[in-house]
Structure formats: structure tokens, C-alpha cells
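# Results of the structural survey
Here is what each chain is made of, one letter per residue.
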Amino acid sequence: MSSPAARLDRPALGIALILLATAAISINDMLIKALSGGYPLHQMVFVRSILGLCFTGPLLMMEGGLRALRTDRPALHLLRGFCLVISNMAFFAALAALPLAEATALFFVAPLFITLLSIPVLGEKVGPLRLGAVIVGFLGVLLMQRPWAGGEELAASRLILALPVLAAFTYASTMVLTRRLGGDMPPAGLAIYTQGVFLVVALAFFLVAGDGRFAEGVQNESLVFLLRAWTWPEGRDLWLFLGLGLCSGLVAYSLAAAYRAADAATIAPFEYAGLPLALFWGWTIFGSLPGPVTWAGMALILGSGLFVYLRERRRGREVATRRPVRRV
């Protein structure tokens, strides 16, 4: 395994890898939205988890084997895994009803939540400039919620608009817990625990709602996406499912390699390339573009998130846990 020093001297490679990972995340989100009209979310989660374990297993063998899974804090690992499961499922459920770019932009409040959670959980001090950036970012969220508008004027209900924000909060909780765990186990071990929780949750959904009986008569698109019956993919859809698996493996590898190749403060801001990619897919695949108010909210959220990154970098602090768009 490379020494820490060796991981910080190839910024160009790190940037290239993080852009590759961000592109794979964006394609993953686009594929899930494209498949959301015919398949349940828990089926997609199951497929991605199985393929993720196939990819992570060999990495675990390289990082110490099964011994690397030993921990004195299994409850904390399980809590971390469940937070990440909630984050993923909330975000993907939102994709069934929201434009891709809007859901992605709302999720970018994750680094702002991390900043807030680091105060009580990690005991960190947050100055007035970063707190001001957090306030500006949440003003962007409020703007995108359009509290003055009637329900018929919104792209989806306010409950659905809140799902990406819930995803951001639970993802931020995951990152703070990861920091609390520190060097408890190697990255592959953390990934195994996470994918294991994903599998358990997906199988639980299948056992309870896999026949689709709870989706009957439901009008809410996100709920139908969660509760729809399992269906074996055929034709083009089978290839799209395989694409999900490929993206899952590519994301895992590219992120790990990127943060080994370069300092997190250098490459993390490039994850924000996910928003223009979401705009591109939304326009070319789904024929949707945000309105002026949504554009303004996006600008506030992204501007405040980038300020937090740059402020952390200027202060010379570690920002590896402030990576908002990493949806495993």
C-alpha cells in the first residue's frame, strides 16, 4: 500500500480519476431515473450491491483479508451503513419524480450539513465565514422549494423536494461517522459493511413488498418506485442493468484511486462537475431544463459548497470527509 506522502504527488491523475468517477455517478443516476418507470428501487439496489461486493471482495483480500473486517465498534459501522442506505434510497426515490439536475443540486447541500454536524459530533470549531456560507446554501434550498408557489406550480410535491435534502443529511451523517471511526478498518472493509447493509435492506424490501401488493392504487411516483414488484429485465433494460453494475464498480475504483493519487483538497471540488452532467442528461435524455428560480437556488448551493471547500483548503485542514456526491 502506498505511503501517505506518495498519495499526494499526482494531482493531474487525481483530477482525471475524480472526473471519471463523477461521470460514472452521473450516468448511474441517469440510468436509475430511466429505469424507475418499470422496476423497483430495491431491485436496482440489490443488483448494484451484488456487483459491488464482487468488485470489493478482491480489494479486501489485498488489504488484509477477512481479518480487516474485525472491529470493536460493529454498531457504529451498522449505523453508518444504514445512514448511507437511507441517503441512497431517498435520493433515488426523488429521481423518479424530480428532474435530474434539480435533485442533484439539492443533494449538494451535503458538505454544508457536514460542516454543521462536525460541531457537536466531532467538536470542531466553525468560524463565521463558513457558517455564513452554510446559511447562504440553505437559502438556495429554500429558494428551490419555492414556498410562495402553489402545489400545481411545482415539479413535484414539497415532500419529494425534501428527499434529496434528507439524502444529503444522512450522507453527511455517514461521512461524520466515517471520521469518528478513523482508521478502524481499510476502505474495502468499510465498503463490505456498507454493501452488506444494502443487501439486507434490499432483501427485506423484497420479502415484504417484492410482489408489488403495496404499490396497488398508489399515485405518488416515488412510493411506487419503492414498492413496485420485482421484474426480470429484458431487452434493452437488461443492458441498462449491466450498465448500473459497471458504473458501480467504476465509481468504487476511480474514487479510491483518485484520493490516493492526490490531496483531497485539490480534487474534491471537481466532484461538482456532476451538476453540469446532470443538466446535460436531463436535457438530452429527459427533455427538461431548470427554470430561473431553480437556477438561482443551484447557484447559491454550489457557491456556498465551493466556498466551504476553498476555505478548508486555505486553512490547511483535512477535507477528505467533505465529498458530497459520492453515492456508493
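No experiment lies behind these values; they were computed from the predicted model shown.

Before going further, it helps to examine the overall build of the protein chain. Helix and strand content of the protein chain: 13 helices and zero strands. Considering only intrachain contacts with a sequence separation of at least 6, the fraction spanning at least 24 residues in the protein chain is 84%. For the protein chain, the accessible surface area stands at approximately 14500 Å², while carbon and sulfur atoms represent 69% of it.

Let us look at the packing of helix α4 (residues 100-107) against helix α12 (residues 274-284). The description of two helices packed together rests on the angle between their axes and the distance between the axes. Relative to each other, α4 and α12 sit at 165°, their axes nearing to 8 Å. Here α4 lies roughly antiparallel to α12, going by the angle between them. Viewed along their axes, α4 and α12 form a crossing whose handedness is right-handed. When α4 is examined against α12, the residues Leu100, Ala101, Thr104 and Ala105 are found in contact with a partner set consisting of Gly274, Leu275, Ala278, Leu279, Trp281 and Gly282.

Here is a general trend for soluble globular proteins: nonpolar side chains tend to be buried in one another's company. By size, the foremost hydrophobic cluster in this structure holds 71 residues, and its most contacted members are Met44, Val109 and Leu275. The dominant element in this core, judged by the number of residues it contributes, is helix α7 (residues 158-181), at 10 residues. Ignoring anything within four residues of it in the chain, the contact list for Met44 reads Ile32, Leu35, Ser36, Tyr39, Phe225, Phe241 and Leu244.

As a further point, take the packing of aromatic side chains. Here the structure, examined in full by the defined rule, presents 10 aromatic pairs. Between Phe91 and Phe92 the ring centres are 5.9 Å apart and the planes differ by 65°, which places this aromatic pair in the edge-to-face class. Accessibility expressed as a relative area gives 1% for Phe92, which makes it buried. An angle of 65° between the planes, with centres 5.2 Å apart, marks the rings of Phe280 and Trp281 as edge-to-face. By relative accessible area, which is 17% here, Trp281 ends up buried. Three or more aromatic residues joined by ring pairs make a cluster, and in this case those are Phe91, Phe92, Phe107 and Tyr171.

As a further point, take helix α6 (residues 128-145). Residues separated by three or four positions in an α-helix point in the same direction, a consequence of the helix having 3.6 residues per turn. Counted at 1.5 Å a residue, the expected span for α6 with its 18 residues is 26 Å, and the 26 Å between its end C-alpha atoms agrees. Within α6, burial applies to Arg130, Ala133, Val134, Gly137, Gly140, Val141, Met144 and Gln145. Looking down the long axis of α6, one finds its buried residues gathered within 145° of arc, a one-sided arrangement. Set apart from the buried face of α6 by more than 90 degrees, the exposed residues are Pro128 and Ile135.

Attention now moves to the pattern of salt bridges. Under the counting rule described, the total for this entry stands at two salt bridges. Linking Asp211 and Arg213 is a salt bridge whose minimum nitrogen-to-oxygen distance equals 2.8 Å. A salt bridge links Arg236 to Asp237; the nearest nitrogen and oxygen atoms lie 3.9 Å apart.

Let us now look at a nonpolar patch on the surface. Judged by side-chain polarity, Ile135, Val136, Leu139, Leu142 and Leu300 come together as a nonpolar surface patch covering roughly 420 Å² of accessible area. The leading source of residues in the nonpolar patch is α6, at four residues. Within the secondary structure layout, Leu142 lies in helix α6.

Averaged over all residues, the pLDDT of the protein chain equals 81, while 85% of them reach at least 70. Of all the helices and strands in the protein chain, helix α11 (residues 264-267) carries the lowest mean pLDDT, 68, while α12 carries the highest, 92. Confidence drops under a pLDDT of 50 for residues 1-8, and excluding neighbours within four residues, the segment shows 11 contacts in the predicted structure. When the criterion is pLDDT under 50, residues 318-325 qualifies, and its contacts beyond four places in sequence or with other chains add up to 35 contacts.

The next point concerns helix α3 (residues 74-95). With 22 residues, α3 extends 32 Å between its outermost C-alpha atoms, agreeing within 8% with the 32 Å of an ideal straight helix rising 1.5 Å per residue. Along α3, 16 of the 22 residues are buried, which leaves the element largely enclosed by surrounding structure.

Relative to the assigned elements, Ser304 resides in helix α13 (residues 292-314). Ser304 gets classed as buried once you look at its relative accessible area, which sits at 4%. Beyond its immediate chain neighbours, meaning those up to four positions away, Ser304 contacts Leu112, Ala133, Val136 and Gly137.

Before going further, it helps to examine the packing of α3 against α4. Where α3 meets α4, the axes come as close as 9 Å, and the angle between the chain directions of the two elements is 150°. One element, α3, and the other, α4, form an angle in the roughly antiparallel class. Regarding α3 and α4, the two cross each other, and that crossing is right-handed. On α4, the residues that touch Ser87, Phe91 and Leu95 of α3 are Leu100, Ala103, Thr104 and Phe107. Residues belonging to the contact of α3 with α4 are distributed by class as follows: five nonpolar, two polar and no charged.

Calculation criteria
Residues numbered from 1 in each chain as written. Predicted model: local features only at pLDDT ≥ 70, side-chain atom pairs only at ≥ 80, totals over all residues. Heavy atoms only, no water. Helix = DSSP H or I, 4+ residues; strand = E, 2+ residues; numbered from the N terminus. Contact = heavy atoms within 4.5 Å. Areas by Shrake-Rupley, 256 points an atom, 1.4 Å probe, with all protein chains shown as cover. Axes fitted to C-alpha atoms, helices over the stretch in contact; angles between N-to-C directions. Parallel < 35°, antiparallel > 145°, perpendicular 65-115°, else oblique. Left-handed = near helix turned anticlockwise from the far one by under 90°. Core = buried A, V, L, I, M, F, W, Y, C linked by side-chain atoms within 4.5 Å. Buried < 20%, exposed > 50% of the residue type's maximum accessible area, 1.4 Å probe, protein only. Phe/Tyr/Trp six-rings, centres within 6.5 Å; stacked < 30°, edge-to-face > 60°. Expected span 1.5 Å × (residues − 1). Arc of directions from axis to C-beta. Salt bridge = Lys/Arg side-chain N within 4 Å of Asp/Glu carboxyl O. Patch = residues over 30% accessible without salt bridge, like charges linked within 9 Å, V, L, I, M, F, W, Y side chains within 5 Å. pLDDT = per-residue confidence, 0-100. Nonpolar A, V, L, I, M, F, W, Y, C, P; charged D, E, K, R; others polar.

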